[in-house]
Amino acid sequence: MGEQDLVGDKDKLILRGLQFHGFHGAKPEEKKLGQKFVVDVDIWLDLSEAGKSDNLSDTVSYTEIYGIVGDVVEGPSQNLLESVAHLIANTTLLKFPQISAVRVQVKKPHVAVHGIIDYLGVEILRYQKNDKTEPI
């Protein structure tokens, strides 16, 4: 089963490479010094009316999603990236009921590990509660 089969809506908004400084992590130095976080967001919703009308009120503004991500990443410290991603997804779904699903990827590019990495992170996919495509 493909991603679109799970989500329902075939259209999506795409936000890539949103960068913010935050103080998330389980280690004391992460909470004190902070670090860069990179966030990608996919939002599934029907964009057909916006395509026809060319009217911002018929879609969800990228800048509003950017603001939600910024508020969470630059907001109160969380221990886990899972919690950061959940807060972004949950806030987005609550604010915009026309969204059927949201995928959030949160990446830490500067992690103290012994080895070469691009980043470590999490990715979650959450559905609108009243959406018929919500998995059981």
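Parameters and conventions
Residues numbered from 1 in each chain as written. Predicted model: local features only at pLDDT ≥ 70, side-chain atom pairs only at ≥ 80, totals over all residues. Heavy atoms only, no water. UniProt positions renumbered as here; feature names shortened; annotations may be inferred. Pairing = 2+ DSSP bridges. Helix = DSSP H or I, 4+ residues; strand = E, 2+ residues; numbered from the N terminus. Axes fitted to C-alpha atoms, helices over the stretch in contact; angles between N-to-C directions. Left-handed = near helix turned anticlockwise from the far one by under 90°. Contact = heavy atoms within 4.5 Å. pLDDT = per-residue confidence, 0-100. Phe/Tyr/Trp six-rings, centres within 6.5 Å; stacked < 30°, edge-to-face > 60°. Buried < 20%, exposed > 50% of the residue type's maximum accessible area, 1.4 Å probe, protein only. Lys NZ or Arg CZ within 6 Å of the ring centre and 35° of its normal. Salt bridge = Lys/Arg side-chain N within 4 Å of Asp/Glu carboxyl O.

Identification of the protein as 7,8-dihydroneopterin aldolase from Cocos nucifera is taken from an unreviewed UniProt entry. Of the comments in the UniProt record for the protein, the one headed Pathway (unreviewed entry) reads "Cofactor biosynthesis; tetrahydrofolate biosynthesis; 2-amino-4-hydroxy-6-hydroxymethyl-7,8-dihydropteridine diphosphate from 7,8-dihydroneopterin triphosphate: step 3/4." Quoted verbatim from the Subunit (unreviewed entry) field of the UniProt record, the comment on the protein reads "Homooctamer. Forms a hollow cylinder assembled from two ring-shaped tetramers."

Participant: Is there a simple way to think about the sheet that holds strand β1 (residues 12-22) in this case?
Facilitator: An order of β1-β2-β3-β4 is seen for the 4 strands of this open sheet, with the pairing classed as antiparallel. Strands at the two margins of the open sheet, each flanked by one partner only, are β1 and β4 (120-127). Put simply, the sheet's adjacent strands are angled 15 degrees from each other on average, direction ignored.

Participant: Any chance you could explain the environment of F37 here in plain terms?
Facilitator: By the secondary structure assignment, F37 is in strand β2 (residues 35-44). Between the C-alpha atoms of F37 and F20, which are 17 residues apart in sequence, the distance is 5.5 Å.

Participant: It is not clear to me how the packing of helix α4 (residues 62-73) against helix α5 (residues 81-95) should be interpreted in this structure. Could you clarify?
Facilitator: One can describe the packing of α4 onto α5 by two numbers: an axis separation of 9 Å at closest approach and a directional angle of 140 degrees. With respect to the hand of their crossing, α4 and α5 are arranged in right-handed fashion. Counting all contacts with α4, which are made through E64, I65, I68, V69, V72 and V73, the residues of α5 involved are V84, L87, I88, T91, T92 and K95.

Participant: Looking at this structure, how should I read the confidence of the model for the protein?
Facilitator: Averaged over all residues, the pLDDT of the protein is 91; the fraction at 70 or higher stands at 89%. Note that residues 132-136 has pLDDT below 50 and, in this model, 8 contacts with residues that lie over four places away or in other chains.

Participant: Where do I start with the packing of aromatic side chains in this structure?
Facilitator: Each pair of aromatic rings is reported with the distance of its centres and the angle of its planes. Within the structure shown, the criterion is met by 1 aromatic pair. Here the aromatic rings of F20 and Y66 are separated by 5.1 Å at their centres, their planes lie at 50 degrees, and the arrangement is tilted. With F20 in strand β1 and Y66 in helix α4, this pair connects stretches of sequence that are 46 residues apart. What makes Y66 partly exposed here is its relative accessible area of 41%. Here K107 stacks its cationic end above the ring of Y119, 4.9 Å away from the centre of that ring.

Participant: Looking at this structure, how should I read the pattern of salt bridges?
Facilitator: Opposite charge on two side chains permits them to pair, given that their charged atoms come into close proximity. The tally for this structure, following the rule as stated, stands at 5 salt bridges. In this structure, the salt-bridge partner of R16 is D42, at a minimum N-O distance of 2.9 Å. In this pair, R16 sits in strand β1 while D42 sits in strand β2, placing the two residues 26 residues apart along the sequence. Given the relative accessible area of 3%, D42 is considered buried. For E64, the salt bridge identified is with K95, shortest N-O distance 3.3 Å. Taken together, the positions of E64 in helix α4 and K95 in helix α5 put the pair 31 residues apart, joining distant regions of the chain. On the basis of relative accessible area, E64 is assigned to the partly exposed category, the value being 34%.

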